[in-house]
Amino acid sequence: MFITFRKWTALYLLTLLLLFTGFAAIVWQGRTVKASKNIALRQEGGPALMIDPGHGGFDGGAVAGDGTVEAEINLAVGLQMEAIAQLVGTETVMTRREDAALDSPGAGTVRQRKVSDLKNRVELVEGVPGGVLVSIHQNSLPEVRSVHGAQVFYNGAEGSEALALAVQDALNTAINDRPKEIKAAGQSIYLLCHTTKPAVLVECGFLSNQQETELLKSHAYQTRLAITILSAALGQLYENSLVN
């Protein structure tokens, strides 16, 4: 495993405590209402968390040696992030909730469809007032199969670097056995380079590493990733005012 039991337990218990507090408030009020009305973290006009499970549909992304497809893991982690965020009253916007790409009809070749997909994601992100983006991906480096761990990339928008640092620190504490550093997004990361919103891309692990692939396929590990990334992102959204 790439994480100590003690580190994960502390983060897990913290999240459970937050969820328990919210549900306790519902019971105390003596009526059935949505959790978001009792423990809503978002103020009117405040930030909205955009969750982008990378790839999907015709574009599976990276593929592990056993045939595991990146897009499936991205979606699983993203959906868990959305579910937990909604439990604590945070508004979320998903770029996709199923195994489908966002390319426009008639895009043509696979390359044209990929370009169309990315452009449509950018348009969606840009259309969310006060949006802050977290894009979920999986890495691969077949040339060096021992490489593993989660790493965060960020764009040039104000607040992005601070968001990346917060998420990377959380991942280094709860996921990575060796700390990784954040990196500015290069031109190859189209989504980050073409949005003006605060945005980070999280490479959750390496599908080229067999041990890490087994972890990434695990529902429990996907939950761990979702809680770790989400808790750090929410801390930045609501404590440090990422957006105006």
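The rules behind these values
- Within each chain, residues carry numbers counting from 1 in the order of the written sequence.
- Where local features are concerned, this predicted model is filtered to residues with pLDDT of at least 70; where side-chain atom pairs are given and counted, the filter is 80 or more; whole-chain, interface and lining totals use all residues.
- Note that the side-chain values use all heavy atoms of the structure and ignore hydrogens as well as water.
- Each residue's exposure class comes from its accessible area (1.4 Å probe, protein chains only) as a fraction of the maximum for that residue type: buried when under 20%, exposed when over 50%, partly exposed otherwise.
- Only runs of H or I of at least four residues qualify as helices and only runs of E of at least two qualify as strands under DSSP, and these elements are numbered from the N terminus.
- We call two strands paired when DSSP finds no fewer than two bridges between them.
- Residues count as neighbours in contact if any of their non-hydrogen atoms are within 4.5 Å of one another.

Undergrad: What should I look at first to understand the pairing of strand β1 (residues 48–53) in this one?
TA: For a regular strand, side-chain orientation follows a simple rule: the groups alternate between the two sheet faces. The buried count for β1 comes to 6 of 6 residues, which makes it a mostly enclosed element. The alternating pattern of β1 places A48, M50 and D52 on one face and L49, I51 and P53 on the opposite face, and all of these are buried. Examined bridge by bridge, β1 and strand β3 (residues 131–139) share 6 bridges and lie parallel to one another. Opposite D52, over in β3, you have S135 as the bridge partner. As paired strands, β1 and strand β2 (residues 92–94) are joined by 3 bridges and run parallel to one another. Counterpart to M50 in the pairing with β2 is V93.

Undergrad: In this structure, what is going on with the environment of P53? I would like to understand it.
TA: Note that P53 resides in strand β1. Residue P53 is classed as buried on the basis of its relative accessible area, which comes to 0%. For P53, the residues in contact, after removing those within four places along its chain, are N74, L75, G78, M94, T95, R96, R121 and I136.

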